[in-house]
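# What the coordinates show
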Amino acid sequence: MPKASFDGLALKELVEAGLAWLRTNQQTVNALNVFPVPDGDTGTNMLLTMQSAYAEIANSGQRNAGQMAAAVAQGALMGARGNSGVILSQLWRGFARGLHGHETIDAATLAHAFAEARDTAYKGVVRPVEGTILTVSKDIAAAAQTATTDDPVEMLRIIVAAADKSVENTPELLPILKQAGVVDSGGKGLFFILEGMLRQIDGQSLDAPLISVQPLSAMNLENALEDVEAGQDWEVVVDFRPKNGFELRSFYEQLESMGTSIQVGEGEGMYRMHIHVPLENRYKPIEYVMELGTITKVAIENLLAQMDELQAGTGAPTLELTNVEAGQIAVVAVSPGTGLSRIFASLGVSALVAGGQTMNPSTKDFLDAFDNLPTDKIIILPNNKNIILAANQAKGVTVKQVYVVPSKTIPQGLAAMLHFDPESDVEKVAGKMSRALDSIITGEITVATRSVEIDGVTVREGQVIGLLNGKLAVAAETVEAACLQLLEKAEAVTYELITLFYGSDLSPAEANRIADLLQKKYPEQEVEVQEGGQPHYQFIISIE
Amino acid sequence: MGQEKTTLGSIHISPTAVASIAYHATLQSYGVVGLAPKNLAEGIAVTITREPTRGVNVHFDGDQLDIDIYIVVEFGTRIASVAQSVSNTIRYQVEKIIGLKVHQVNVHVQGLRVSNPD
């Protein structure tokens, strides 16, 4: 016989479960975003709102359910973020009003509280848009009011079922959802909160998402290579546009029966499915997906062969980015080459955006990088003066708290990273990193693409040129001559460490030869060589 | 304002058009229960207007587009979040529809409406 009512402490436990389940499924909710920018990521916003709500009651021993609900509402209000967060806080406010004066919650009070939640939420907007979280709150309240049970657990079960059904119906009410082939993200977030509560009561896990869907941009299929299981040595990747009535959950279950390493990505009405299967099953996923929609692209690869190639090849270690947790600061750095990416990663960077002199990343590239970080405190290192603008634009359109440390060169970015501390206050850290930028001198060696005269230096097309802190400084016939002249101009004798990052145009042997030459010329200084991997620039040199 | 010259002639976008977009974008933002006319004489209660251009002030100096919006917010919502949403939505909608970069959106919360005193 289940309990006939919940008290304040039971409610607290349910709120915590709702929060945990929403956190687990945060990326699923984020992936449902159809509106490109205005309000950031629904999942993240709702999660931050719920976190604040729970923080308010985390240390509370309140047994009175009405007062507990009031505290939750207060916390949600203070932490409300974005449209979906504000609506969620209003739902809590109405819910708390419905419970006002009730010491415990029985089935009837629960139904009444959800009706109040709906009424309060609808009052907060002049033109309610149907097919959103508002509609879901309305359908929940309706289902609760017609339910006849007097068991609050049974009532919650009815409510969760109603929420699920309502969310699935949102595309019928809001055309933009139907076009994108998704359900409403805010409604789905609310569903996860409620479902988390029910899972807690049923003793089910709150850690593992049932299905994980990520934005297409976030799919990193290269990394999936590492966990090839014996026998599952064929990789199948299928892009497709699902027909109406596509059911993610049963899709996932079917895939699980075929193979391992399942990843599903979603974006703009299109899905990408990735799976590892045994040889004899390699056409099965394709045949299965064919029933579900229109296939746009198929790729099948033999993983074992791929692995051999990888091992026989460069043997390059894989990139290990620093993991970041909610509340910590994450650094997003722009890197023009694999070697530099690895160096940034080793210094604590959590996300990398590819880009450099001739390949400026877009604002969207930054936003995608933000998307995949579980924290809302972010520092960007643009590492190029032409990219600072895009970084600042990205800062303007996200709800996350973003600071741009205006590093104009790679060495400046590296210097800034040395002052990074993920646990400290984000504004202070950004300030410290910005101040570190001028502590370093940057040299760049490249080939002139045209004849020109700037800053008193005459350059012929095809000559090797050296730039000092972004300004043309020297021109020479060979790379080593340019390096020597550049270091002289930079008064390298007065510094201690010279680091050379060699680009993709230069062989390691050649880079080492030049480094030895420089070391002879500057015996007092330490000369280091690192693989940079950047295109166009033979060397990026940091002098400190 | 908002002139663009093409080989076939020029395009003018009036401030009223921009104001109208901002008005509709605002009313769809959660937490906003209405717009309140600006320049209210002191002492007169804040009233909600239904006219698109009242409560919105568009300023274009040939280079920068600034929008001021005067809103009434539902009591009990987090005002900073609502204002932030309004600002984001207006900027997004205006830039998408008109194609002009918005320099500033200033959100003025003129009043709160209390539907349910707690």
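The structure under discussion appears in the preceding block.
Remember, predicted model here, so these are calculated numbers, not experimental data. (Residues numbered from 1 in each chain as written. Chains lettered and ligands numbered in written order. Predicted model: local features only at pLDDT ≥ 70, side-chain atom pairs only at ≥ 80, totals over all residues.)

Right, let's talk about the overall build of chain A for a bit. Within chain A one finds 20 helices and 17 strands. Across the 544 residues of chain A, 48% fall into the buried class. Taking the intrachain contacts of chain A between residues at least 6 apart in sequence as the baseline, contacts between residues at least 24 apart amount to 68%. (Helix = DSSP H or I, 4+ residues; strand = E, 2+ residues; numbered from the N terminus. Buried ≥ 20, exposed ≤ 12 C-beta atoms within 10 Å, placed from the backbone. Contact = placed C-beta atoms within 7 Å.)

Let us look at the environment of Q93 of chain B. All names here are of chain B. Turning to its location among the elements, Q93 is positioned in helix α2 (residues 79-98). Classification of Q93 by C-beta neighbours within 10 Å gives partly exposed; the count is 18. For the pair Q93 and V18, spaced 75 residues apart in sequence, the C-alpha to C-alpha distance is 9.7 Å. When sequence neighbours within four positions are dropped, the list of residues in contact with Q93 reads I21 and A25.

So, on to the packing of helix α1 (residues 15-27) of chain B against α2 of chain B. Residue and element names in this part refer to chain B. Where α1 meets α2, the closest approach of the two axes is 9 Å, and the angle between their N-to-C directions is 135°. In terms of orientation, α1 lies oblique with respect to α2. Judged by the twist between their axes, the crossing of α1 over α2 is right-handed. Across the interface between the two elements, V18, I21, A22, A25 and T26 of α1 pack against V86, T89, I90, Q93, V94, I97 and I98 of α2. Looking at the contact of α1 with α2 residue by residue, the class counts come to 9 nonpolar, 3 polar and no charged. (Axes fitted to C-alpha atoms, helices over the stretch in contact; angles between N-to-C directions. Parallel < 35°, antiparallel > 145°, perpendicular 65-115°, else oblique. Left-handed = near helix turned anticlockwise from the far one by under 90°. Nonpolar A, V, L, I, M, F, W, Y, C, P; charged D, E, K, R; others polar.)

Another point: the packing of helix α1 (residues 8-24) of chain A against helix α4 (residues 65-79) of chain A. The description of two helices packed together rests on the angle between their axes and the distance between the axes. Residues and elements named next belong to chain A. Orientation of α1 relative to α4, taken along the N-to-C sense of each, is 35°, at an axis distance of 8 Å. Considering how the two elements wind past one another, α1 and α4 form a crossing that is right-handed. Of α4, the residues touching α1 (which contributes G8, L11, K12 and V15) are A65, Q67, M68, A69 and V72.

All names here are of chain A. The sheet contact formed by strand β13 (residues 464-468) and strand β14 (residues 471-476) spans 5 bridges and is antiparallel. Residue pairing in the sheet places I465 in a bridge with A475 of β14. Taking the residues between adjacent antiparallel strands as the criterion, β13 and β14 are bridged by 2 residues, where N469 takes a positive phi near 50°. (Pairing = 2+ DSSP bridges.)

As a further point, take the pairing of strand β4 (residues 270-277) of chain A. All names here are of chain A. Most of β4 is tucked away, with 6 of its 8 residues classed as buried. Relative to β4, strand β2 (residues 234-242) runs antiparallel, the two sharing 7 bridges. If you follow D239 over to β4, its bridge partner there is R272.

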